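Breakdown of the fold
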Amino acid sequence: MTELALFGGAKTREAAYPAWPPHDERDIEAVTEVVRSGNWGGFPYPGAQTRRFLDAFIALQGGKYAVAVMNGTLTMEVALRAADIGWGDEVIVPAYTFQATASAPMMAGAVPVLVDIDPNTFCIDPAAIEAAITARTRAIIPVHVASQMADMDAIMRIAARHDLIVIEDAAHAHGAVWNGRGAGAIGDFGSFSMQSTKILTAGEGGVLLCQTEEQAWRAASIIDCGRPHDPAGELYTQGGNYRMTELQAALLNVGLERFPAQSAMREELAAYMDEALSELPGIRVLPRDERHQRRAIYCYTFAIEPDDFGATNEPVARALMAEGIPCWSGYEPMYRYDLFQPTQSRLPVPSAFPEYFDYSRLHLPVTERISGETGLWLGEAIFRAGKQGVDDVVAALGKIQSALARDPGLAERIAAQ
Ligand SMILES: Cc1ncc(COP(=O)(O)O)c(C=O)c1O
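Source: prediction; values computed, not measured. (Residues numbered from 1 in each chain as written. Predicted model: local features only at pLDDT ≥ 70, side-chain atom pairs only at ≥ 80, totals over all residues.)

Structural notes on the overall build of the protein chain
If you tally the helices and strands in the protein chain, you get 16 helices and 14 strands. What you see for the protein chain is a C-alpha radius of gyration of 22 Å, in line with the 22 Å of a compact globule of 417 residues. Overall, the C-alpha framework of the protein chain stretches about 75 × 55 × 40 Å when taken along its three principal axes. Looking at the 417 residues of the protein chain, the share that counts as buried comes to 51%. Within the protein chain, contacts between residues separated by at least 24 positions form 71% of all contacts whose residues are at least 6 apart in sequence. (Helix = DSSP H or I, 4+ residues; strand = E, 2+ residues; numbered from the N terminus. Rg over C-alpha atoms; globule rule 2.2 N^0.38 Å. Buried ≥ 20, exposed ≤ 12 C-beta atoms within 10 Å, placed from the backbone. Contact = placed C-beta atoms within 7 Å.)

Given below as structure tokens:
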């Protein structure tokens with residue numbers, strides 16, 4: 001009998017998965033060059049490194065214009081403000097996402113309206129968007145979660161019918177392609193994060209893709225203290241200093257050199273993972289939508305069926321981590337998210353919009369099931385560790401499943417750990 005590592009047995013994988021981000025002399029040289037140039041910051045916007053990075057990012061991802069920002073939260077706030085969305089406007093966001101997707105509209109003064117997700121992608125459900133539209137709705141922020149993409153065809157149709165702005169939260173989706181177009185280059189705006197865990201990173205950073213020249217100069221003005229960036233150089237706006245620095249842009253330029261090979265490796269191994277997991281009972285590999293032509297593997301999401309697997313996602317994630325597999329049971333429903341609770345009392349919006357901010361009222365069944373029972377996320381590092389990296393995940397899942405089958409009380413004991 002093989003004891004789970006959680007209870008003192010040998011780990012399935014002893015070797016650490018490769019660290020992120022990888023770096024070498026090129027990063028050191030790029031940063032050194034910026035240090036020597038004396039132009040370290042983001043003023044005047046855009047600096048030479050930043051311009052080079054933005055052009056290369058458009059070449060990678062598509063879109064017409066790009067603005068470099070400090071992070072992938074401000075990008076969304078800037079997009080909303082560039083589109084003149086603010087106080088009292090409603091912005092539809094999925095309930096299954098990182099806090100930033102909902103806090104950005106709040107920071108712009110708008111009301112995030114949380115809706116349910118699609119069990120096949122863990123991304124926003126277009127039918128739920130349609131059902132949440134009111135006369136105050138101005139925008140939708142679909143999130144391309146982990147390795148999946150939201151159904152952008154359906155979302156763009158809804159947006160066109162109701163005259164809504166679409167801001168894609170593509171913080172996880174660098175390099176992803178939907179129906180011939182890059183993630184973030186389909187909606188009116190595409191928001192990317194380059195924070196430490198992201199698959200293109202400078203430690204912190206963000207890019208906002210824009211479809212029109214006007215959106216782009218408005219956004220550039222907002223991030224550059226309100227200075228004019230319109231073609232005539234005349235229009236001042238209400239802005240702040242949200243500029244990316246040249247040091248960040250230099251690191252991103254080197255990151256882009258590595259990106260194609262890293263992406264190709266992740267994609268190839270994710271396909272191998274799809275096949276391997278589909279052999280295991282109690283596991284549901286998320287179906288591939290043929291329009292999602294290239295996946296970006298920020299994390300790899302899949303679902304377990306607790307009745308068949310023998311436990312829900314949280315104990316399985318715990319047991320997997322003990323086996324040496326980087327994994328997570330995923331986001332909580334946004335309306336229960338710890339990070340959100342204090343803001344309820346600090347912002348004036350809850351009193352003005354009690355129907356949206358009385359989170360106890362919300363009950364979104366798909367989000368709750370994926371969050372609390374079935375959803376699992378595997379770390380990106382697995383997909384840079386060759387086939388053995390994937391084989392170890394499959395072996396660990398098999399080991400946990402057999403242990404659960406042998407011992408009906410095990411799931412509870414894991415949960416109590
Ligand atoms: C889905 C999603 N959106 C937005 C962000 C915010 O990005 P940043 O940390 O760069 O502000 C993150 C993560 O950090 C994220 O996971």
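Examining the domain arrangement of the protein chain
As assigned here, the protein chain comprises domain 1 (5-19 + 259-332 + 366-416) and domain 2 (25-254). Listed by partner, the interface residues are 24 residues for domain 1 and 29 residues for domain 2. In terms of residue count, helix H14 (residues 365-374) provides more of the side of domain 1 that touches domain 2 than any other element does, four residues in total. Its residues assigned to classes, the side of domain 1 that touches domain 2 shows 13 nonpolar, seven polar and four charged. (Domains from an automatic or database assignment. Nonpolar A, V, L, I, M, F, W, Y, C, P; charged D, E, K, R; others polar.)

Brief notes about the pairing of strand S9 (residues 206-210)
Burial runs high along S9: five of the five residues are buried. Taken together, the five bridges between strand S1 (residues 65-69) and S9 define a ladder with antiparallel strand orientation. Paired with Val67 across the strands is Leu208, a residue of S9. (Pairing = 2+ DSSP bridges.)

Some remarks on the site of the ligand
Around the ligand, 14 residues are found, and the nearest of them are Asn71, Gly72, Thr73, Ala171 and Ser193. In the shell around the ligand, the residues fall into four nonpolar, nine polar and one charged. (Near = placed C-beta within 6 Å.)

Topic: the nonpolar core
Membership of the largest hydrophobic core comes to 131 residues, with the highest contact counts inside it found for Val69, Leu80, Leu208 and Ala219. Among the elements that make up this core, the one with the highest residue count is helix H8 (residues 246-278) (eight residues). If sequence neighbours within four positions are ignored, Ala219 has contacts with Val67, Val78, Ala79, Ala82, Leu208 and Cys210. (Core = buried A, V, L, I, M, F, W, Y, C linked by C-beta atoms within 7 Å.)

A few points about helix H10 (residues 313-322)
The buried count for H10 comes to seven of ten residues, which makes it a mostly enclosed element. Those residues of H10 that sit buried are Asn313, Pro315, Val316, Ala317, Ala319, Leu320 and Ala322.

Structural notes on the packing of helix H1 (residues 25-37) against H8
For the pair H1 and H8, the least separation of the axes is 9 Å and the interaxial angle reads 150°. Here H1 is positioned roughly antiparallel relative to H8, judged by the angle of their axes. H1 and H8 meet at a crossing whose hand is right-handed. Every residue of H8 that contacts H1 at Arg26, Asp27, Ala30, Val31, Glu33 and Val34 is listed here: Glu246, Leu247, Ala250, Leu251, Asn253 and Val254. Here the residues of the contact of H1 with H8 are counted per class, giving seven nonpolar, one polar and four charged. (Axes fitted to C-alpha atoms, helices over the stretch in contact; angles between N-to-C directions. Parallel < 35°, antiparallel > 145°, perpendicular 65-115°, else oblique. Left-handed = near helix turned anticlockwise from the far one by under 90°.)

Notes on the environment of Ala59
Examined against the element boundaries, Ala59 turns out to sit in helix H2 (residues 48-61). Taking the number of C-beta atoms within 10 Å as the measure of exposure, Ala59 has 10 and is therefore exposed. Considering only alpha carbons, one finds Ala59 and Asp224, 165 residues apart in sequence, at a separation of 24 Å.

Some remarks on the environment of Glu373
Looking at where Glu373 falls in the secondary structure, it is placed in helix H14. For the pair formed by Glu373 and Ala311, sequence separation is 62 residues and the distance between their alpha carbons is 8.4 Å. Once residues lying within four places of it in the same chain are set aside, the contact partners of Glu373 are Pro306, Thr312 and Asn313.

Structural notes on the sheet that holds strand S11 (residues 292-294)
The three strands are arranged S7-S6-S11 in an open sheet whose pairing can be described as antiparallel. With partners counted over all chains shown, the strands left at the sheet margins are strand S7 (181-182) and S11, one partner each.

What about the sheet that holds strand S2 (residues 90-94)?
What the seven strands build is an open sheet, ordered S1-S9-S8-S5-S4-S2-S3; its pairing is mixed. Single-partner strands in this sheet number two, and they are S1 and strand S3 (111-115). Each strand of the sheet is rotated relative to its neighbour by a mean of 25°, with strand direction disregarded. Of the strand pairs in this sheet, strand S5 (residues 165-169) and strand S8 (residues 189-193) are connected by three bridges, and their pairing is parallel. Residue Asp169 lies in a different strand from S8, and its bridge partner there is Ser191. In this fold helix H4 (residues 100-107) packs onto S2, S3 and S5, with an angle of close to 150° to the strand it touches most, S3.

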